[in-house]
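Structure at a glance
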Amino acid sequence: MATVTFENVLKQYGDFVAIPNLNLTIRDKEFLVLVGPSGCGKSTALRCIAGLEEISGGDIKIGDRIVTDVPPKDRDIAMVFQSYALYPHMSVYDNMAFGLKLRKVPKSEIDKRVTKAAESLGIKKFLDRKPKALSGGQRQRVALGRAIVRDPSVFLFDEPLSNLDAKLRVQTRAEIATLHQQLGTTFVYVTHDQVEAMTMADRIAVMKDGILHQCDSPQNLYNRPVNVFVGGFIGSPSMNFFDATITGDRRELYVDTGAFRIRLSGKHADYLAKDVSRRVIFGVRPEDIHHPEYLPSGVKGPKAKAKVELLEMMGAEINVFMIAGEDQRFIARVDPRAHFRVGDTVEMVFNIDTLHLFDSETEKSLFNTVGEDSLTVSLLEDA
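Structural notes on helix H5 (residues 166-183)
With 18 residues, H5 ought to run about 26 Å at 1.5 Å a step, and its terminal C-alpha atoms sit 26 Å apart, in line with that. Within the span of H5, buried status applies to Leu168, Arg169, Thr172, Arg173, Ile176, Ala177, Leu179 and His180. On its buried side, H5 packs onto strand E3 (31-35), helix H4 (136-148), strand E7 (154-158), strand E8 (186-191) and helix H6 (194-200). Its side-chain oxygen placed 3.2 Å from the backbone nitrogen of Lys167, Asp165 serves as the N-cap of H5. Once H5 ends, the next one or two residues include Gly184, with phi positive near 60°.

Things to note about the side chain of Gln194
Secondary-structure assignment places Gln194 in helix H6. Setting aside residues no more than four positions away along its own chain, Gln194 makes contact with Val35, Phe233, Ile234, Gly235 and Ser236.

A word on the packing of aromatic side chains
By convention here, two paired aromatic rings are described through the distance between centres and the angle between planes. One pass over the structure, following the stated rule, counts 15 aromatic pairs. Ring geometry for Phe330 versus Phe350: centroids 6.0 Å apart, planes at 55°, classification tilted. Highlighted residues: Phe330 in strand E18 (residues 328-334) and Phe350 in strand E19 (residues 345-350), separated in sequence by 20 residues. Note on Phe330: relative accessible area 4%, which makes it buried. Here a set of aromatic residues connected by ring pairs shows up, and it is made of Phe31, Phe155, Phe157, Phe187 and Tyr189.

Describing the sheet that holds E19
One key point about sheets: their strands pair by backbone hydrogen bonds, in either a parallel or an antiparallel sense. With antiparallel pairing, 5 strands are arranged side by side in an open sheet as E15-E19-E16-E17-E18. This sheet does not close on itself; its edge strands, each paired only once, are strand E15 (289-290) and E18. Bridge analysis of strand E16 (residues 303-313) against strand E17 (residues 318-324) gives 6 bridges, and the strand direction is antiparallel. Note on E17: the bridge partner recorded for Lys307 is Ile323.

Re the nonpolar core
Counting 49 residues, the largest nonpolar core has Met96, Val114, Phe157, Ile176, Tyr189 and Val206 as its most contacted members. Excluding residues that lie within four positions of it along the chain, Met96 makes contacts with Val114, Ala117, Ala118, Ile123, Leu127, Val142, Gly145, Arg146 and Val149. Residues Ile246, Leu272, Ala324 and Phe340 belong to the second largest nonpolar core, which totals 34 residues.

Structural notes on the environment of Asp344
Note on placement: Asp344 falls in the loop between E18 and E19. What Asp344 contacts, discounting residues up to four positions off in sequence, is Ala306, Lys307 and Val308.

With respect to unusual backbone geometry
Across residues other than glycine, the phi torsion is negative in most instances, and most of the peptide bonds are trans. Ser236 connects to Pro237 through a cis peptide bond whose omega is -5°. By the element assignment, Pro237 lies in the loop between helix H8 (228-233) and strand E11 (240-248). Look at Lys29: it is not a glycine, yet its phi comes out positive at around 70°. Relative to the helices and strands, Lys29 is located in the loop between strand E2 (16-26) and E3. Look at Asp209: it is not a glycine, yet its phi comes out positive at around 55°.

Here's the deal with the packing of H4 against H5
At their nearest, the axes of H4 and H5 sit 11 Å apart, and the two run at 20° to each other. As far as their axial angle goes, H5 and H4 are roughly parallel. By crossing handedness, the relation of H4 to H5 is classed as right-handed. Facing Gly136, Gly137, Gln140, Arg141, Leu144 and Ile148 of H4, the residues of H5 in contact are Leu168, Gln171, Thr172, Glu175, Ile176, Leu179 and Leu183.

Parameters and conventions
- Throughout this description, residue numbers start from 1 for each chain and increase along the sequence as written.
- Since the coordinates come from a predicted model, pLDDT governs what is reported: local features require at least 70, and pairs of side-chain atoms require 80 or more to be given and counted, while whole-chain, interface and lining totals use all residues.
- Derived side-chain values reflect all non-hydrogen atoms in the structure, with water molecules and hydrogen atoms excluded from consideration.
- Secondary structure elements are defined from DSSP: runs of H or I of at least 4 residues count as helices, runs of E of at least 2 residues count as strands, and each element is numbered from the N terminus.
- Expected helix span is taken as 1.5 Å per residue step, with the number of steps being one fewer than the number of residues.
- Note on exposure labels: buried denotes an accessible area under 20% of the residue type's maximum, exposed denotes more than 50%, and partly exposed covers the range between, all computed with a 1.4 Å probe on protein chains only.
- Pairs of residues are marked as contacts when any of their non-hydrogen atoms sit within 4.5 Å.
- Distance and chemistry together define a polar contact, namely a pair of N or O atoms within 3.5 Å, with one atom able to donate a hydrogen and the other to accept it when in protein, and with adjacent residues in sequence counting only for side-chain atoms on both sides.
- Side-chain rings of Phe, Tyr and Trp, where Trp is taken by its six-membered ring, are said to pair if the distance between their centres is within 6.5 Å; with planes under 30 degrees apart they count as stacked, over 60 as edge-to-face, and otherwise as tilted.
- DSSP bridges decide pairing: two strands pair if at least two such bridges lie between them.
- Buried Ala, Val, Leu, Ile, Met, Phe, Trp, Tyr and Cys residues that are joined via side-chain atoms within 4.5 Å together make up what is termed a nonpolar core.
- As a rule, the C-alpha atoms of each element are fitted with a line to give its axis, helices using only the stretch in contact, and angles between N-to-C directions run from 0 to 180 degrees.
- Here is the rule for angles: anything less than 35 degrees is roughly parallel, anything more than 145 is roughly antiparallel, 65 through 115 is roughly perpendicular, and the remaining ranges are oblique.
- Each crossing gets its handedness from the near helix: less than a right angle anticlockwise from the far helix is left-handed, clockwise is right-handed.

This is the structure in structure tokens:
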């Protein structure tokens, strides 16, 4: 059983605290992605699992064993690095077999493991080549193969796709996800790319400044972010945010941004009926703002006037950069059949069923219910 558990883990470099207090359990056979902006502590957390960084407090467990003081070679893990870290003077076969040779695994067993891994990764015909004769994607597969042959309890990936071009990144992330299904092993994957995280993970742990903000399934993170940071980090383009005030009365309640008003209904209105004049942050995703002529089935909502500032034609959609009033800028992701021109003033429809409201001071969601797949939420004031 290859669970990975952080128990009150502290990581400090001199006076700098990289991870103040991390509690997280990664389930057996789970594909968990650590995601966040540069400097958030995700790679540090991964290196702590590997034993490449010594923790300053707390414990790390792999399965039922505390590995805090166990050397990296004895932790039963395999790590795939961003830089591939292949030996240039060795063939693909020797690169993949090197770790097994050090452990004095019998040659017949080495041949069996290397051949099987090479076949699953589609690199069997390259076994005699040196790394310099391979493309970036092929080198990444060799690095994956070197990890696979060790048959570890836990695979660790530190931004392994960063050196690949856009097309190859899409292809390789699908291959890694398929590999996880085939191996049935625990994968811990670090990336700053939230699209990678959303497409690959069983659960995503979102970090900032060494603090875990939310750990949940991709869909729950998207639909029910616990705060402004998670809401803005997950999704592309990012969620739009407006400083707003709750106005009106029990019969007609509005979110007023100063440039436009959105009428609340249902649970939103019921919850905020006693909070007239409350300051909030109104969040809405670009894909939940629509051209009135091309509304998806079942979508109804209030309209707001805005001026078109810029258009990004994406083929299957249009990203429309707009401004309401003097300074309320936002992005709408709309149907490609919609006709826009820069400078036009258009009434856009806001899907009222998917809006998000956050407290203006704490930046916590006012309506979030953490999903069934969530494990740990550690907000700023709890750190």
